[in-house]
Amino acid sequence: MKDDQVPQDDSPTYSGHKKLVYAVDQDGHYKKVQTSGWEVESFATQMAVDDINQRAADAAIAVKQGEASPLFYHMFKHRMDIVTLAQISGFFQWQIRRHLKPHIFQRLGRRKLDIYCQVFNLSIDQLTHIDESK
């Protein structure tokens, strides 16, 4: 994209900030250009955020119905999946899948719960319960 064609659509997803992108100048060299957003990118970003928020809402329902552990909700609320949570926590993916089951999660020891608390920056009480207003 040419540097004079970089979109400046004042995207609400940027919250008034600018993003640095690379564009080609008149001499054919890459240069850094700031953009305030692009309408298409903003739409795609909003769709992705809405999807994540819906997954968190669905996870909250699953937790309240006893189908999943609170970890399931917190994982989506913090925009993570099993792979990401495994990388951050140091647990294997198969362990996290087990911890998503309510009866397994309830038996987790303090050390494992503390790891999840650090990952999500939550207290034990916040980790083991979800806000009832969700």
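Everything discussed here concerns the structure shown above.
These numbers come from a predicted model, not from an experiment.

Moving on: the nonpolar core. Note on soluble globular proteins: their nonpolar side chains tend to be buried together. Formed by 28 residues in total, the largest nonpolar core has its most connected members in Leu85, Ile96, Tyr116, Phe120 and Leu127. Mapped onto this core, the elements with two or more residues apiece are helix 1 (39–64), helix 2 (70–77), helix 3 (82–89) and helix 6 (110–120). If one sorts the elements of this core by residue count, helix 6 sits on top with six residues. Sequence-distant contacts of Phe120, defined by excluding residues within four places in its chain, comprise Leu71, His74, Met75, His78, Met80, Leu85 and Leu127.

Moving on, we come to the side chain of His74. Tracing the chain through its elements places His74 in helix 2. The buried category is assigned to His74, whose relative accessible area is 4%. From its side chain, His74 meets the backbone oxygen of Gln126 in a polar contact 3.0 Å long.

This part covers the pattern of salt bridges. Between side chains of opposite charge, pairing is possible as soon as their charged atoms come close. The tally for this structure, following the rule as stated, stands at three salt bridges. Across the salt bridge formed by Glu41 and Lys19, the nearest N and O atoms sit 2.6 Å from each other. Residue Glu41 is found in helix 1, and its partner Lys19 is found in strand 1 (residues 19–24); the two are separated by 22 residues along the sequence. When its relative accessible area of 25% is taken as the criterion, Glu41 is described as partly exposed. By relative accessible area, Lys19 is classed as partly exposed at 33%. Between Arg55 and Asp51 there is a salt bridge, with the nearest N and O atoms lying 3.2 Å from each other. One end of the pair is Arg55 and the other is Asp51, both in helix 1 and four residues apart, which spans about a single turn. Since its relative accessible area comes to 44%, Arg55 is described here as partly exposed.

This paragraph deals with the packing of aromatic side chains. Centre-to-centre distance and the angle between the planes together describe a pair of aromatic rings. The tally for this structure, following the rule as stated, stands at three aromatic pairs. Ring geometry for Phe91 against Tyr116: centres 4.9 Å apart, planes inclined by 35°, an arrangement best described as tilted. In this pair, Phe91 sits in the loop between helix 3 and helix 4 (93–99) while Tyr116 sits in helix 6, placing the two residues 25 residues apart along the sequence. The exposure class of Tyr116 is buried, given its relative accessible area of 0%. Taken together, a centroid distance of 6.5 Å and an interplanar angle of 10° make the contact between Phe92 and Trp94 stacked. The class of Phe92 is exposed, set by a relative accessible area of 55%.

Basis of the calculations
- Residues numbered from 1 in each chain as written.
- Predicted model: local features only at pLDDT ≥ 70, side-chain atom pairs only at ≥ 80, totals over all residues.
- Heavy atoms only, no water.
- Core = buried A, V, L, I, M, F, W, Y, C linked by side-chain atoms within 4.5 Å.
- Buried < 20%, exposed > 50% of the residue type's maximum accessible area, 1.4 Å probe, protein only.
- Helix = DSSP H or I, 4+ residues; strand = E, 2+ residues; numbered from the N terminus.
- Contact = heavy atoms within 4.5 Å.
- Polar contact = N/O pair within 3.5 Å; in protein donor to acceptor, adjacent residues only side chain to side chain.
- Salt bridge = Lys/Arg side-chain N within 4 Å of Asp/Glu carboxyl O.
- Phe/Tyr/Trp six-rings, centres within 6.5 Å; stacked < 30°, edge-to-face > 60°.

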